[in-house]
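# Structure at a glance
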Amino acid sequence: MHNAMVTHRRFLMPMLSVIGCALILSIMAVGVPSVMAAKKPMEKAFPSSEKCKRCHLRVFEEWEASAQSRSIVTAPFRMTLERYLAKADKNDKAMCFQCHAPHIAEYEELLPRFIKEVQSKDPHMDGVGCPQCHLIHSVDDKAHPPVPTYQLGKTIFGGYDKAAENLAHQSEKLGLFTDSQFCVTCHDSLPQTPQTVKDLPDWLGDWKASKAETSGKTCQSCHMPEAVDESANGEKIRKVANHSFPGRFGKVRADAVELDFSTKVNGKTSLVDVTIKSFVPHNLPLPHPGWSRVVVDLSIKGKNLKTVYNEQRFYQRVFGGADGKETVLDFEAKKVLQDTLLKPEETREESFTFPTPKDAPSMDVIVTLTYAPVHGPQDLLKAIEHDAPLGKKDRAFQAVQIAQKKTNVLLKKK
Ligand code: HEC
Ligand code: HEC
Ligand code: HEC
Ligand code: HEC
Ligand code: HEC
C-alpha cells in the first residue's frame, strides 16, 4: 500500500515489477510504443527554450531571469542532489528531476544523462523550460503529489482562447493553465520513496481554504501577474502573464506581510510587542529545501548607534532524520521536530524583553523580517561554497529582506 503512492509517477512504473502481472503491464505500457513507433529524441519533443525565444522574446527574457530557469543549475541543487543520489534506492534516483526537470517522466532511460548535465554545471537542457510546462496536458490531482501528463506533438497548451496562428505550433486553451492545480503539481510535497516518509505534511498548508483562493485568486494571479503587452513578437497587444515568477525575489514582496510593533520602557527592562500579519495564502516560508526559514530580527541601538541588543526568531519546519537528529535535507526526514512556519494568512505575535540601554538618551528599535541564507552542517555549507562559481557571494548565502520597520524611542528627558 505504501508503494501505491510511488507508482503513480510514470517513470517509477517498473517499481511495480515486484508484482508479476504488473510487470507485464508495465512492459506493455513502456516497451511497446518504443518498438512500434520510434520515440522522438528528447531535444525534438522538448526543444530548448531558446527555440521559443525567436517569437516570444518578452516571455523568454522574463523566464530567463526567474528561478525556474535555474532549476538544475544552482550549487545547492548540485550538492543536495549528490547527497540524495548517494543513498537513494536504484528505482528512485530520478525523484528530484520530477519537478526540477520534469521531462524525465518521458525519458526515464536518459537519467544518467540528466545527472551528467547537472554535474557539468552548464547544462544544455532546461530544467523547467517552456515546453516542460506548455506540453502538460492534464494533471492527476488524485495522486499525491499530483502527476502531470504530457502530450507530445505539435500543439502547445496555454490559457488563451484564441491564440493567433503561427508557423511553429498549434495552440490550444486548457483551463488547467489558469488553475492553481497546475502549479501545485510541483509546489506541494516530495514524492514518496522508501527514503522519504509518507505522512510528512505538505509544503503549502491549507491554501485551499485561504481567503485568496476562495475569492478566486490563483497562484498565477500573484506569481504570474497580469500585464498588457505583446504575447508573440509583432502580434497585437493583449493580456499577458508575467513569466519572471516573482517569489523570494521580485515584486510580490510588497504584499507579503504587514509588520507592526509597540515599545514599552519599564525602567531597567523594555518590551517590544511585534505583530506580523501575513497576506500570503500558503505557508511562509515554504519548507523545501529543508533549510528554508524566515527570520524575525529585533535590533536595539543605543549610544553612538551601537547595537546593544539583538535577538532572532525563526519561522521554519525542523526535520528529524532516522537517527532522531535535526537534518536540513528533507529527503532524509522521518518526522517533523518543530513547525513554526507562518500559516496561510496567519497573524503572529512575538514579545521581546531586553535590558533598557544605559546612559543613552534614546534607542533605535528595528524589526526586520528576512528570508535567511542557507544553513546546515559545515560540510554541506563548505561544499556549496566550493561548488558555486561565485563562492560565498552565491545567492544561497544572501539574506533577502521581506519587510522592516524602525522607530526611535526616547529614554529620558533632558
Ligand atoms: C514542473 C514543475 C513546476 C511547475 C509546474 C511549476 N513550478 Fe514553480 N518552480 C519549480 C522549481 C523546481 C522551482 C525552483 C527552481 C530553483 O530555484 O531551483 C520553482 C520556482 C518557483 C518560484 C520561485 C520561488 C522562490 O523561492 O522565489 C515561484 C514563485 C514559482 N515557482 C511559482 C510557480 C507558479 C505560479 C506555477 C504555476 C503557474 C509554477 N511555479 C509551476 C517547479 C515548477
Ligand atoms: C515535488 C516537486 C519537487 C521535488 C520532487 C524536488 N523539488 Fe526541489 N524544489 C521544488 C520547488 C517548487 C522549489 C522552489 C521552492 C520554493 O522556493 O518555495 C525547489 C527548490 C529546491 C532547492 C532550492 C533552490 C535551488 O535550486 O538552489 C534545492 C536545493 C532543491 N529544491 C533540491 C532538491 C533535491 C536535492 C531534490 C531531490 C531530493 C528535490 N529538490 C526534489 C520542487 C521539488
Ligand atoms: C512553470 C510553468 C511555465 C513555464 C516554465 C513557462 N510558462 Fe508560459 N505560461 C504558463 C502559464 C500557467 C500560463 C497562463 C497564465 C495565465 O493565463 O494566467 C502561461 C502563458 C504563456 C503565454 C501566453 C501569455 C503571455 O504572457 O504571453 C505564452 C506566449 C507563454 N506562456 C510562453 C512561454 C514561453 C515562451 C516560455 C519559456 C520562455 C514559457 N511560457 C514558460 C506557465 C509556464
Ligand atoms: C514562429 C514563431 C513562434 C515560435 C517559434 C513559437 N511560437 Fe508560441 N506563439 C506564436 C504566436 C504568433 C502566438 C499567438 C500569440 C497571440 O495570440 O497573441 C503564440 C502563442 C503561444 C502560446 C499561447 C497559446 C495559448 O493557447 O494560450 C504559448 C503558450 C506559446 N506560444 C508557447 C510557445 C513555446 C513553448 C514555444 C517554443 C517551444 C513557442 N511558443 C514557439 C509564435 C511562435
Ligand atoms: C494573494 C497572493 C498569493 C497567492 C494567491 C499565492 N501566493 Fe505564493 N507568495 C505570495 C507572497 C506575497 C509571497 C512571499 C514573497 C516574499 O515575501 O518574498 C509568496 C511566496 C511564494 C513562493 C516563494 C517563497 C518561499 O517561501 O519559498 C512560492 C514558491 C510560492 N509563493 C508559490 C505559490 C503557489 C504554488 C501558489 C498557489 C497554490 C501561491 N504561491 C499562491 C503571494 C501569493
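Structure shown above.
First, a word on scope: everything that follows refers to the structure included in this document. Keep in mind the model is a prediction, meaning the values are calculated, not measured.

## Topic: unusual backbone geometry
Where the residue is not glycine, phi is negative for most of them; where a peptide bond is considered, it is trans in most cases. Across the junction of Leu 284 and Pro 285, the peptide omega takes the value -10 degrees, indicating a cis bond. Checked against the element boundaries, Pro 285 lands in the loop between strand 8 (269-278) and strand 9 (293-301). Put simply, His 288 and Pro 289 share a cis peptide bond, and its omega is -5 degrees. Its place among the elements puts Pro 289 in the loop between strand 8 and strand 9. With a phi angle near 55 degrees, Asn 304 is a residue other than glycine that sits in the positive phi range. Along the polypeptide, Asn 304 turns up in the loop between strand 9 and strand 10 (307-320). Note on Asn 304: relative accessible area 73%, which makes it exposed. Notably, Leu 305 is not glycine yet its phi reads approximately 60 degrees, a positive angle. Note that Leu 305 resides in the loop between strand 9 and strand 10. Relative accessible area serves as the criterion here: at 57%, Leu 305 is assigned to the exposed category.

## Describing the site of ligand 1
As a matter of local geometry, ligand 1 sits amid 20 residues, with Gln 68, Cys 183, Cys 186, His 187 and Arg 248 nearest to it. Breaking the shell around ligand 1 down by element, the ones donating at least two residues are helix 7 (97-100), helix 10 (180-187) and helix 12 (219-223). Ranked by residue count, the leading element in the shell around ligand 1 is helix 10, at four residues. Among the residues making up the shell around ligand 1, the classes are represented as eleven nonpolar, seven polar and two charged.

## Let's talk about the side chain of Thr 155
Residue position: Thr 155 is located in strand 3 (residues 155-158). Its relative accessible area of 17% is what places Thr 155 among the buried residues. The contacts of Thr 155, once residues within four sequence positions are left out, are Leu 135, Gln 170, Ser 171 and Glu 172.

## Section: the site of ligand 2
Around ligand 2 lies a shell of 22 residues, among which Thr 74, Cys 96, Cys 99, His 100 and His 288 are the nearest. One of the side-chain nitrogen or oxygen atoms of Thr 74 is found 2.8 Å away from an oxygen atom of ligand 2. Separating a nitrogen atom of ligand 2 from a side-chain N or O atom of His 100 is a distance of 2.8 Å. Only helix 6 (75-87), helix 7 and helix 10 provide two or more residues apiece to the shell around ligand 2. Its residues assigned to classes, the shell around ligand 2 comprises 15 nonpolar, six polar and one charged. Here the shell around ligand 2 spans two domains, since at least three of its residues come from each of domain 1 (36-241) and domain 2 (253-410).

About the cut-offs
- Residues numbered from 1 in each chain as written.
- Chains lettered and ligands numbered in written order.
- Predicted model: local features only at pLDDT ≥ 70, side-chain atom pairs only at ≥ 80, totals over all residues.
- Heavy atoms only, no water.
- Helix = DSSP H or I, 4+ residues; strand = E, 2+ residues; numbered from the N terminus.
- Buried < 20%, exposed > 50% of the residue type's maximum accessible area, 1.4 Å probe, protein only.
- Near = heavy atom within 4 Å.
- Nonpolar A, V, L, I, M, F, W, Y, C, P; charged D, E, K, R; others polar.
- Contact = heavy atoms within 4.5 Å.
- Polar contact = N/O pair within 3.5 Å; in protein donor to acceptor, adjacent residues only side chain to side chain.
- Domains from an automatic or database assignment.

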